[in-house]
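Structural features, examined
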Amino acid sequence: MPLTANDPTRKSWLDVPANSDFPIQNIPFGVFLTRDDVITIGTRIGDTAIDLGAMHQLGYFKGIDLTDDLFLQDSLNDFIADGRKTWRLVRNRISDIFLHTSPGLRDDQEHRKKVLFSMEEIEMQLPVDVGDYTDFYASKEHATNVGSLFRDPENALLPNWLRIPIGYHGRSSSIVPSGTPVRRPIGQTKPGEDGIPGFGPSKLLDFELEMAFITTATNDLGKRVPIEEAEENIFGLVLFNDWSARDIQAWEYVPLGPFLGKNFASTISPWIVTLDALEPFRTAGPVQDPEPLPYLQQSDAKNFDIHLQAIIQPENGAENIVANSNFKYMYWSMSQQLAHHTVNGCNVRSGDMMGSGTISGPTKDSYGSMLELTWRGQNPLQLSDGSERKFINDDDTVILRGFCKNEDVRIGFGDCSGKVLPAN
Ligand code: CA
């Protein structure tokens, strides 16, 4: 099916500010509360939120096989479960309706009142009910940096890392949408001389610059997803801040891996940008040496060129860009991650979320965490107000941004933002 919604020459009758993340070529999906306190599935063009539940009731999706209440839900799980053919039909239809030459909704003031909202009138919610969340560790630079800092610079990368997309099962209950404050966690830390563990608010609170992909129901228990079929099971991506308490993490992570140092909060951007919208930005990933086992071998370009930024904003202060990275630095692609995740027969369901792991690039300004940017606090960052940061302070807001850009179009994700509140 042609992705007519991606046509870079298309313009909308809705206003789209210059450098907007949401031109008519994006058409992301999200869930929001309207000014009338109704929850609905929607999309966004420019700074206008669009109520897809209302549009469906008014007949704008006639001819597409959709259940009546598909968009009148508090999550996208059922829509995502309908599969890629439906996603494409709906996204193309939305594009057609908002094309500047299309009358219909454009010229119907009554319908426009029911369908269109300014961003100030709505409140974004979590876009999916995340059943399971998995976090990978797919950036070679990040794994090398963390291996050097936590273990041994001589053997920073363990032998399995180049063979397996390493991951662990995270906690979905604490995934929150952008704008939700994050409480500094309390926990145990490494013992001092007296052998008794420390206990109290984390002193080394960090962000992790990640993205996450959201799947449809991919496989029954006991079956697997072949790598060639992986992408058709990926609905789209969000920005993902996998907040981490490095002092809690360092004491607890051997022998079984991350636990309370990670599961107190993860923030996502609320609009899911479809894999289809990112198609013009497809690119090859890093060369893989040694060659992966056959079930992980991929033929075409499976990475995406997405600029990523991490920003620290002190309370009442200016934004400070502290990292510039790119999704294309990921060593293991999303296809490889999904093929690996299911190779043992583990079933993946609609709305599941898979984090990339922190995405660090090759240069020091492209590291995706404070742990790496300050080299565990040895080289503090200077902010524009003259203050220093080794890690994240109370009342700091951390913002992740991401966008793709070529001569024709810019597709972005909006903000993934969270303010740190003092420990309880
Ligand atoms: Ca992580």
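See the structure printed just above.
On a predicted model such as this, the values are computed, not experimentally measured, just so you know.

Side note on the nonpolar core
M211, L237, L278, I306, F327 and M334 are the most contacted members of the largest nonpolar core, which totals 59 residues. For this core, the element with the most residues is helix α5 (residues 140-150), which contributes 4 residues. Here M211 is in contact with L237, V238, L239, F240, I306, L308, F327, M354, G355, S356, I359 and F413, once residues within four sequence places are set aside. Membership of the second largest hydrophobic core comes to 42 residues, among which are F61, V90, F98 and Y168.

A short note on the pairing of strand β2 (residues 39-45)
On a regular strand, one side chain projects to one face of the sheet and the next to the other, so that they alternate. Along β2, 6 of the 7 residues are buried, which leaves the element largely enclosed by surrounding structure. Here strand β1 (residues 30-33) runs beside β2; their pairing, made up of 4 bridges, is antiparallel. Its bridge partner being in β2, G30 is matched across the sheet by G42. Count of turn residues in the β1/β2 antiparallel hairpin: 5 residues, of which D37 carries a positive phi of about 65 degrees. Two elements, β2 and strand β3 (residues 48-51), share 4 bridges in a ladder whose sense is antiparallel. Across the sheet, the residue bridging to R44 is A49, located in β3. The loop that links β2 with its antiparallel partner β3 comprises 2 residues; one of these, G46, has a positive phi angle of about 60 degrees.

Description of helix α3 (residues 84-98)
When the terminal C-alpha atoms of α3 are compared, their 21 Å separation across 15 residues agrees well with the 21 Å that a helix rising 1.5 Å per residue should span. Turning to α3, its buried residues number three or more, namely T86, W87, R88, V90, R91, N92, I94, S95, I97 and F98.

Digging into the coordination of the calcium ion
Ligation of the calcium ion by protein atoms is provided by D135 (OD), E208 (OE), E210 (OE) and D242 (OD), these donors lying 2.2 to 2.3 Å from the ion. The class of E210 is buried, set by a relative accessible area of 0%.

Some thoughts on the sheet that holds β2
The 5 strands lie next to each other as β4-β3-β2-β1-β5, forming an open sheet whose pairing is antiparallel. Both edges of this open sheet fall to β4 (116-118) and β5 (123-124), since each of them pairs with a single strand only. Sheet topology note: the β3/β4 ladder contains 3 bridges and is antiparallel. Its bridge partner being in β4, A49 is matched across the sheet by F117.

Quick word on the environment of L149
Among the structural elements, L149 can be located in helix α5. The class for L149 is buried, based on a relative accessible area of 13%. It is 34 Å that separates the C-alpha atoms of L149 and L278, two residues lying 129 residues apart in sequence. The contacts of L149, once residues within four sequence positions are left out, are L371, E372, W375 and R376.

Things to note about the pattern of salt bridges
A full pass over the atoms with the stated rule returns 18 salt bridges. With its nearest N and O atoms 2.6 Å apart, the salt bridge here joins D415 to R401. With D415 in the loop between β26 (410-412) and β27 (416-421) and R401 in strand β25 (residues 397-405), the pair connects residues that are 14 residues apart, well separated along the chain. Given the relative accessible area of 34%, D415 is considered partly exposed. A cluster of three or more residues bridged by salt bridges with shared partners is formed by D206, E208, R246 and K262.

What about the packing of aromatic side chains?
In total, this model carries 13 aromatic pairs according to the counting rule given. For the pair Y133 and F240, a centre-to-centre distance of 5.2 Å together with 50 degrees between the ring planes defines the contact as tilted. Taken together, the residues Y133 in strand β6 (residues 133-136) and F240 in strand β14 (residues 234-241) connect sequence positions 107 residues apart. Between the aromatic rings of W161 and Y331, the centroid separation amounts to 5.2 Å while the plane-to-plane angle is 50 degrees, which identifies the pairing as tilted.

Regarding a negative patch on the surface
On the surface, a cluster of negative charge is made up of D65, D68, D69, D78 and D82. Looking at where D65 falls in the secondary structure, it is placed in the loop between α1 (52-57) and α2 (77-81). The exposure class assigned to D65 is exposed, which follows from its relative accessible area of 73%.

As for the environment of D36
Mapping D36 onto the fold places it in the loop between β1 and β2. Taking the C-alpha atoms as reference points, D36 and I122, 86 residues apart in sequence, are found 9.1 Å from one another.

Examining unusual backbone geometry
In this model, V254 is joined to P255 through a cis peptide bond whose omega is 10 degrees. The residue P255 is located in the loop between α6 (246-252) and β16 (266-268) in this model. Look at the link from D289 to P290: it is a cis peptide, with omega at 10 degrees. Relative to the helices and strands, P290 is located in the loop between β18 (282-283) and β19 (303-304). Unlike most non-glycine residues, N316 shows phi in positive territory, near 60 degrees. Within the element layout of this structure, N316 appears in the loop between β20 (307-313) and β21 (320-326). Positive phi, normally seen in glycine, also occurs at R376, with a value near 55 degrees. Turning to its location among the elements, R376 is positioned in the loop between α8 (370-373) and β23 (381-382). Residue classification places R376 among the partly exposed positions, given a relative accessible area of 34%.

Thresholds, definitions, all that
- Residues numbered from 1 in each chain as written.
- Predicted model: local features only at pLDDT ≥ 70, side-chain atom pairs only at ≥ 80, totals over all residues.
- Heavy atoms only, no water.
- Core = buried A, V, L, I, M, F, W, Y, C linked by side-chain atoms within 4.5 Å.
- Buried < 20%, exposed > 50% of the residue type's maximum accessible area, 1.4 Å probe, protein only.
- Helix = DSSP H or I, 4+ residues; strand = E, 2+ residues; numbered from the N terminus.
- Contact = heavy atoms within 4.5 Å.
- Pairing = 2+ DSSP bridges.
- Expected span 1.5 Å × (residues − 1).
- Donors = N, O, S within 2.8 Å, 3.2 Å for Na, K, Ca; no water.
- Salt bridge = Lys/Arg side-chain N within 4 Å of Asp/Glu carboxyl O.
- Phe/Tyr/Trp six-rings, centres within 6.5 Å; stacked < 30°, edge-to-face > 60°.
- Patch = residues over 30% accessible without salt bridge, like charges linked within 9 Å, V, L, I, M, F, W, Y side chains within 5 Å.
- Areas by Shrake-Rupley, 256 points an atom, 1.4 Å probe, with all protein chains shown as cover.
- Lys, Arg positive; Asp, Glu negative; His and termini not counted.
- Charge placed at Lys NZ, Arg CZ, Asp CG, Glu CD.

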